[in-house]
Every structure is written in structure tokens, then in C-alpha cells.
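Each chain, letter by letter, is given below.
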Amino acid sequence: MSWRKQIKLKLDGFKNVLIYSVTAASEYLICLSDPPPESQQIQRSRSEVVMTTAEAPNGLKHRNVMAHVLDEFSNHVRSPTDVQQEDLRQWQKHAQKVKVKMLEQIQDQLSDILDKALEETMQPFTQIQPTLNGKTIKKGSSGSHRMNGGKVFMDRASLLDELFEISHIRTIYHMFIAILLIFCLSTLAVDYIDQGRLVLEFDLLFFAFGKPWTVTWVWTLMFVYTLLVPYFSMVFWGSFYHSFPSKIGLSLGTALVLCAMQSCVLGLFPISMVVQHQLPPASRFIVILEQIRFLMKSYSFLRETAPVIVKNKPSQGDTPRFPTLSSYLYFLFCPTLIYRESYPRNSHIRWKYVAVTLAMIFGCLFYGYFILVRLCVPVFTPEANMPFSKRKMVLAVFHSILPGIMLLLLCFFAFLHCWLNLFGELLRFADRMFYKDWWNSTSFANYYRTWNVVVHDWLYYYGYRDFLWLSKRKFRTAAMLSVFIVSAIVHEYALAMGFGFFYPVMFFLFAIFGVVFNFTMNDKRQSPVFNVIMWMCLFVGQGVQVCLYCQEWYAQIHCPRTGSSFWELVTPRSWSCSYQR
């Protein structure tokens, strides 16, 4: 039986269980919603009397007779009716409470059933296969180490690709293209008025991506190291692990040597190249972000492969089997940070999709260029600056909100959608869930989970869950805070190295305000009002970052450092630099 039929049969079985559960729960809730029979009888008796009085002919005599009948009936049933009505109200309140609890329990149970169905049907085809030359090693129980398994990969498209099939959403995309054309026209008009000629100069882009050959050979060296050294270090360690007298000594020695090499080649070397060659901003970001990516990829490979080697001792006379070098090479380029021996793959490459995605990447580059040239440079250049004041700072922050949020959306679309989908399509990588609907988030906890799923998965499985495993599922808050701090430090490191100065705006926004918002605006906040609050915070946060980083950029140019002390390096120049028109 094919695996597709197996999946269909399992899903059909779970569907029948769901249908039965929902039907039983619905019948039970209907029974809860009905009033008790005594209350129904009292209400029917009262209704019959009222209907009888209503059908009587008009007239004073009949009204007196009806009033007398009602009084007698009221005197007869007043006390029992009041008691029954009160019981009915109490019963309805109790039924409503039970109904809410039942719905919550049903929702949790259905969610568990669906998760179980998904994991059972997809896991045999997507889990890591510790094999070599097609031979599979029997996996032992890894529940104590893996804590309910790892990430499951499956065939799914990116959310924006699905949304762009809707004409209404596609119109919003067309609106952004129209804004890009307006930027081009405005730049042409300004150049014609100022210089008397029609020309688009992209000098800022050429400056930002300068020294490409230096970036190329630095990246090549980091890539070759990441491909060969972690892989063969794992092969060396795994070859002697089960036969070496001291497993702990072998493991510690290999780990120390590998950590030293990682620190030198993927740690100090990129930093020294960036500083020594004085690379421009975009080139700096390429080197630093690739440095971080190689470190995360190599760690994932070691973290996923080592437990498999430990738990699968080869038979006497057999040689240990390891993941293939080709699978590791594929992992270094595929758009995920979680290593697997194999991933779900598409049947072919859609070259038209590749061309369109590549065009969108270049469009985003030009879009960012026009935003900086038209909305940021005229505001923060030295010629436009006046002596510092609170009014000037507030106006600069609010002026930076529009370019800030546009740059945020451009970075999301260019990298998380276009760039990752480009590599996913070229490598036929089928799991394209690089992000979720973060724009609908009503809590910052959900926003952090859905903004960048690729990085979130790495932090969740290797940071948060490993922390819980080491602490025996204690200190969940400490695990969450540690992940936030690590993420904030890495973000600030990337920005500091990319811009060439230390100004911990991102760190404070991420590690302080981000943590506070994560615990205050949590998943219990479901009102649309909180979605508005989240977007307001994003607007203000992006405005603050663009404003302060632009001011510091020009302050570093006009007021260069005069010393090399520690405080000289970490103190922002914009705090003490004052330059006028």
C-alpha cells in the first residue's frame, strides 16, 4: 500500500473520531441548554391561562372574570412559580458555565487529536534517517532527549503565495508597485529640476554593496569550513565513540577542539575581515548574517546527529553509519535551520516562479533605496540639521515612522518571502512555511512566533526546549527569558557590526519592551483592539530605530572618535556631537 493511501486511511479514521466526538458533545450541550421539565410545565400552564384570557370576548364583565381567574391562579402558584423561575435561572447559568467548559475541553482534545494525526502520518516520511548507502538504522526510544519529537516538515506553500491568488489581496500588492513607480517619478522630477537632466543615479546602492570581491572570498572560506570541519569532526567522533574507553573524554576533547575552531573561523575571522577591510554597510551585513547562519546550521547538524549516533551502537564487525555529505550540503543551502537527512521535495522547478521572485527581490532593493533617498536622507543629512531640541527629536521620530514601517515590510517581503522561496524553489524544498499571519496577531507572544518561523523553530527546539530538558521541565519563565536575551544580543550584534557602531536601540526595544509586551500582551488577548495596539507599537518602534540610527550614522561621520578606549567605543556619538547647518 502506498504511503499516500496510508495517510488517507489514518486521516479518515481520525475524521470519524472527530465526527463522533463533536456529535456526542453537541447532543450533550443541547440537553444542558433545555430547562428542567418542571419549569417547562409551569411555563406551559401559565401560557395556557394567558392564551385563554386573550381569546375571551371584550367587555367589563369578561375583564373582571379574567382578572379574578388570574388572581386565583396567581395566588395558587405564586410561591412555587417564583421558586421554579429562580431554579430555572440558576439552571441556565449553570448550563452556560458547563457549556463553556465543555467547549474548551473539546477544543483542546480536538487539537491534540489533530496534532497526533499529523505527527503519525507525516513522521515516517520526514523524520531524520540516520543512514548511509540506503541502509536504515533502527531508532531507539528518544523521548527523554527529544521531548515529544522535533519539527515535522511537510509540503505546504507560503502564505502570501496563497493570498496573492485572491484578487483583493493582489490589489494591495499592486498598490505597493504603484508607490514604487511614484518614487521613481518623483526622483526623476527632482533631478530634472535641480540638475536639468533625467537620470536615475543609484550611488547609494553601489556604495552599500561595495567591495564585492572581498565579500565573495570571505564567504567562500566560511562556507568551505562549515561544510567540511563540522561534518568530519562528527564522523571522527562517531567512529570511535562506541569503542573508545572513555566516552566522556573523547566527547569533551572533540567538543573543545571544534569549539576553538568555530570561534576562530566562524567567530573572529569574519569580524576581523569586516573591520580590517572597512566594508560598507550592506557588504557588512552579508558577511555577518552569513556568519550567524553558518553557526546555526552547523550547530543544528551536530545537535540532530549526535543523539542518533549515541543511541545506535553498531553491531560487532560493522562500521558506524553517518549522514551523507550530500545531505549536509543540501541542508547548508535549503531555507531551514533544522537539520534532517531528507526533506519533502517538489517534483520540478517552476522557472517562471524563480524569475518573478528574483525580479521582486531586485524591486525591493530599489524600493528600499528610494525610501532612504526620498524620506530619510533629506531629513537627517547635516545640512538639514539644526541644534538638538526635544521638539526636533519628537518630530524626527514621527517623521521616521513611515519609512521605518515601510522598511520593515520590505525586509519581511524581500527576505522571508522572496529570498527563502527563491532558494526553496531552486532546491525543490517543499515546506515553505517561513512565516505565518503575524499581521493578524493580537499579542506580541504570537507575533514573535509567527514573524520568522525559520529562526523561531531554531530558538524553540535548541534553546527553549533544551533548556527545559536540562532543567527537567522546570523554570519555563527562565527558559523564555534566556531565549529573548540571546535573540536580542544576536540582533544587536548584527546591527552593531553592520553599521559599524554600537548603539543598543534594538537590544533595549527587544530585551526590555519586548519581554514586557510578551508577558502583558499574551495569547489571552483576542480582541481586535490589541491588534491595533500591536501595530501602533511596531510603528513607533520602527520610527525610533530609524531616527536614532540615522542620527548616529551622521554623527559618526561628522564627529569621529578621538580615542580607542572602551567607553569611547560604546558611547553613542550623537549624544555629544552637535553640528549645525
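Computed from a prediction, not measured in an experiment: that's the story for all the values here. (Residues numbered from 1 in each chain as written. Predicted model: local features only at pLDDT ≥ 70, side-chain atom pairs only at ≥ 80, totals over all residues. Heavy atoms only, no water.)

1. Quick notes on the overall build of the protein
Looking only at helices and strands, the protein features 19 helices and two strands. Burial analysis of the protein (581 residues in total) assigns 40% to the buried set. Sequence separation of at least 24 residues holds for 78% of the intrachain contacts in the protein that already meet a minimum separation of 6. Carbon together with sulfur atoms contributes 66% to the accessible area of the protein, which is approximately 33,800 Å² in total. (Helix = DSSP H or I, 4+ residues; strand = E, 2+ residues; numbered from the N terminus. Buried < 20%, exposed > 50% of the residue type's maximum accessible area, 1.4 Å probe, protein only. Contact = heavy atoms within 4.5 Å. Areas by Shrake-Rupley, 256 points an atom, 1.4 Å probe, with all protein chains shown as cover.)

2. Notes on the packing of helix H10 (residues 281–311) against helix H11 (residues 325–333)
Where H10 contacts H11, the axes come no closer than 10 Å and their chain directions differ by 145°. Helix-helix and strand crossings are classified by hand; for H10 and H11 the assignment is right-handed. Listed contacts from H11 to Arg293, Lys297, Ser298, Ser300 and Phe301 of H10 are Tyr328, Phe331, Leu332 and Phe333. For the contact of H10 with H11, a count of residues per class yields five nonpolar, two polar and two charged. (Axes fitted to C-alpha atoms, helices over the stretch in contact; angles between N-to-C directions. Left-handed = near helix turned anticlockwise from the far one by under 90°. Nonpolar A, V, L, I, M, F, W, Y, C, P; charged D, E, K, R; others polar.)

3. Quick notes on the nonpolar core
Counting residues in hydrophobic clusters, the biggest one holds 108 residues, and the most contacted among them are Tyr343, Ile371 and Phe413. Among the elements that make up this core, the one with the highest residue count is helix H13 (residues 390–426) (15 residues). For tyrosine 343, the contacting residues outside a window of four places in its chain are Phe153, Tyr330, Phe331, Cys334, Thr336, Ile338 and Phe429. (Core = buried A, V, L, I, M, F, W, Y, C linked by side-chain atoms within 4.5 Å.)

4. Observations concerning the packing of aromatic side chains
The final tally for this structure, using the stated rule, is 50 aromatic pairs. Residues tryptophan 438 and tryptophan 439 carry aromatic rings whose centres are separated by 5.6 Å and whose planes lie at 75° to one another, so their mutual orientation is edge-to-face. Ring pairing ties together the aromatic residues Phe412, Tyr435, Trp438, Trp439, Phe444, Tyr447, Tyr448, Trp451, Phe484, Phe510, Trp535 and Phe539, which thus form one cluster. The positively charged end of lysine 297 is found above the aromatic ring belonging to phenylalanine 331, 4.5 Å away from the centroid. A cation over a ring is seen here: arginine 350 above tyrosine 353, with NZ or CZ 4.3 Å from the ring centre. (Phe/Tyr/Trp six-rings, centres within 6.5 Å; stacked < 30°, edge-to-face > 60°. Lys NZ or Arg CZ within 6 Å of the ring centre and 35° of its normal.)

5. Points about the pattern of salt bridges
Applying the stated criterion to the full structure yields seven salt bridges. Close ionic contact of aspartate 431 with arginine 156 constitutes a salt bridge, the shortest N to O distance being 2.7 Å. In this pair, aspartate 431 sits in the loop between H13 and helix H14 (444–451) while arginine 156 sits in the loop between helix H4 (143–146) and helix H5 (159–163), placing the two residues 275 residues apart along the sequence. By relative accessible area, aspartate 431 is classed as buried at 3%. Among the ionic pairs, glutamate 290 bridges to arginine 293, the shortest N-O distance being 2.8 Å. (Salt bridge = Lys/Arg side-chain N within 4 Å of Asp/Glu carboxyl O.)

6. Details of a nonpolar patch on the surface
A cluster of nonpolar side chains, namely Phe209, Ile286, Leu358, Phe362, Leu365 and Phe366, defines an oily patch on the protein surface of about 480 Å² accessible area. The element that contributes the greatest number of residues to the nonpolar patch is helix H12 (residues 351–380), accounting for four residues. Looking at where phenylalanine 366 falls in the secondary structure, it is placed in helix H12. Residue phenylalanine 366 is classed as partly exposed on the basis of its relative accessible area of 31%. (Patch = residues over 30% accessible without salt bridge, like charges linked within 9 Å, V, L, I, M, F, W, Y side chains within 5 Å.)

7. Section: the side chain of serine 300
For serine 300, the location among the structural elements is in helix H10. On the basis of relative accessible area, serine 300 is assigned to the buried category, the value being 0%. Setting aside chain neighbours within four positions, we find serine 300 in contact with Phe331, Leu337, Ile338, Tyr339, Trp458 and Tyr462.

8. Details of the packing of H10 against helix H15 (residues 453–470)
Taken N-terminus to C-terminus, the directions of H10 and H15 make an angle of 50°; their axes are 12 Å apart at the nearest point. Put simply, H10 runs oblique to H15. Judged by the twist between their axes, the crossing of H10 over H15 is left-handed. Of the residues in H15, those touching H10 at Met296, Tyr299, Ser300, Arg303 and Glu304 are Val455, Trp458, Tyr462 and Asp466. Grouping the amino acids of the contact of H10 with H15 by side-chain chemistry returns five nonpolar, one polar and three charged. (Parallel < 35°, antiparallel > 145°, perpendicular 65-115°, else oblique.)

9. Topic: unusual backbone geometry
In this structure, lysine 211 takes a positive phi of about 55° despite not being glycine. Mapping lysine 211 onto the fold places it in the loop between helix H7 (203–208) and helix H8 (212–241). Accessibility expressed as a relative area gives 41% for lysine 211, which makes it partly exposed. The backbone of phenylalanine 475 shows a phi angle near 60°, a positive value even though the residue is not glycine. Position of phenylalanine 475 relative to the elements: it lies in the loop between H15 and helix H16 (476–499). The exposure class assigned to phenylalanine 475 is exposed, which follows from its relative accessible area of 56%.

10. Observations concerning the environment of asparagine 446
Position of asparagine 446 relative to the elements: it lies in helix H14. Residue class for asparagine 446 comes out partly exposed when judged on its relative accessible area of 22%. Within polar-contact distance, the side chain of asparagine 446 engages the side chain of serine 441 at 2.8 Å. (Polar contact = N/O pair within 3.5 Å; in protein donor to acceptor, adjacent residues only side chain to side chain.)

11. Re the confidence of the model for the protein
Looking at the protein as a whole, its pLDDT mean stands at 77, while 73% of the residues score no less than 70. Within the protein, H11 carries the highest mean pLDDT (93), whereas H4 carries the lowest (36). The low-confidence segment residues 36–70, where pLDDT is below 50, has 19 contacts with residues more than four positions distant or belonging to other chains. Low pLDDT, under 50, characterises residues 72–78; the predicted model gives this stretch three contacts beyond four residues in sequence or across chains. (pLDDT = per-residue confidence, 0-100.)

12. Re H10
Between its first and last C-alpha atoms H10 spans 46 Å; for 31 residues at 1.5 Å apiece the expected length is 45 Å, and the two agree. With 24 of its 31 residues buried, H10 lies for the most part within the structure. (Expected span 1.5 Å × (residues − 1).)

13. Some details on H15
Compared with the 26 Å implied by 1.5 Å per residue over 18 residues, the 24 Å span of H15 between its first and last C-alpha is a close match. By the largest-angle criterion, tyrosine 460 marks the main kink of H15, which is about 35°. Val453, Val454, Asp457, Trp458, Leu459, Tyr461, Tyr462, Tyr464, Arg465, Asp466 and Leu468 are the residues of H15 that are buried. The opening residue of H15, the one whose side-chain oxygen lies 3.3 Å from the backbone nitrogen of valine 454, is asparagine 452. A positive backbone phi angle near 55° is found at lysine 472, which sits one or two residues after H15. (Bend = angle between axes of the 7 residues up to and from the residue.)

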